[in-house]
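For reference, the chains in residue letters:
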Amino acid sequence: MANDAYMNIPLDIKDPEPLMVNKATTLRLDQQIVWATATGTNYDIILPPVSQAVGRVYIIHAINDAVGTITVKSRSDDNSGSPYASGAMTAAGDYVILISNGRRWFELAELTT
């Protein structure tokens, strides 16, 4: 993992422990590092409200090669006018790194296979 693009991104995180997910999940503001496992089904990881996540970096990393697709999306009730949806994460090592400016999500990096 030493080569991962996100290793040098400074984060303002109180609890750097990653959140492990294996099903549809809506993230809280403080859940900025996510390790997602595929479980044979497709599921979405929903980002916190873009207006409340100003300046926060979110890293979502697929950590196994099981059947299934993980997609990261903005909340359906975000009024940003620019909804976000990642590419399909289907393999170990796929990831997406995002930051909010309070109005929309910006993708800093993405690796999807």
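Residues numbered from 1 in each chain as written. Predicted model: local features only at pLDDT ≥ 70, side-chain atom pairs only at ≥ 80, totals over all residues. Heavy atoms only, no water.

Visitor: Tell me about the sheet that holds strand 2 (residues 25–26), and please be specific about residues and values.
Guide: Taken together, the 3 strands give an open sheet; going across it, the order is 2-4-6, and neighbouring strands pair in parallel fashion. Looking at the sheet topology across the chains shown, the edges are occupied by strand 2 and strand 6 (70–73). (Pairing = 2+ DSSP bridges. Helix = DSSP H or I, 4+ residues; strand = E, 2+ residues; numbered from the N terminus.)

Visitor: Requested: an account of the environment of Arg 75, with residues and values cited.
Guide: The topology assignment puts Arg 75 in the loop between strand 6 and strand 7 (95–100). Counting along the chain gives 26 residues from Arg 75 to Pro 49, while the straight-line C-alpha distance between them is 6.5 Å. If we skip the residues at most four places from it in the chain, Arg 75 touches Thr 26, Ile 46, Leu 47, Pro 48 and Pro 49. (Contact = heavy atoms within 4.5 Å.)

Visitor: Explain the packing of aromatic side chains to me, and be specific about the residues and the numbers.
Guide: Tallied over the entire structure, the rule returns 1 aromatic pair. Considering the side-chain rings of Tyr 58 and Trp 105, the 5.5 Å spacing of their centres and the 85° angle between planes classify their relative orientation as edge-to-face. Of this pair, Tyr 58 sits in strand 5 (residues 57–62) while Trp 105 sits in strand 8 (residues 105–111), and the two are 47 residues apart along the sequence. An identical accessibility class is assigned to Tyr 58 and Trp 105; each is buried. (Phe/Tyr/Trp six-rings, centres within 6.5 Å; stacked < 30°, edge-to-face > 60°. Buried < 20%, exposed > 50% of the residue type's maximum accessible area, 1.4 Å probe, protein only.)

Visitor: Quick one: what's the story with the pairing of strand 4 (residues 43–46), residue by residue and with numbers?
Guide: Relative to strand 4, strand 2 runs parallel, the two sharing 2 bridges. Within the sheet, the bridge partner assigned to Thr 25 lies in strand 4 and is Ile 45. Both strand 4 and strand 6 contribute to a ladder of 4 bridges, which runs parallel. Its bridge partner lying in strand 6, Tyr 43 is registered against Ile 70.

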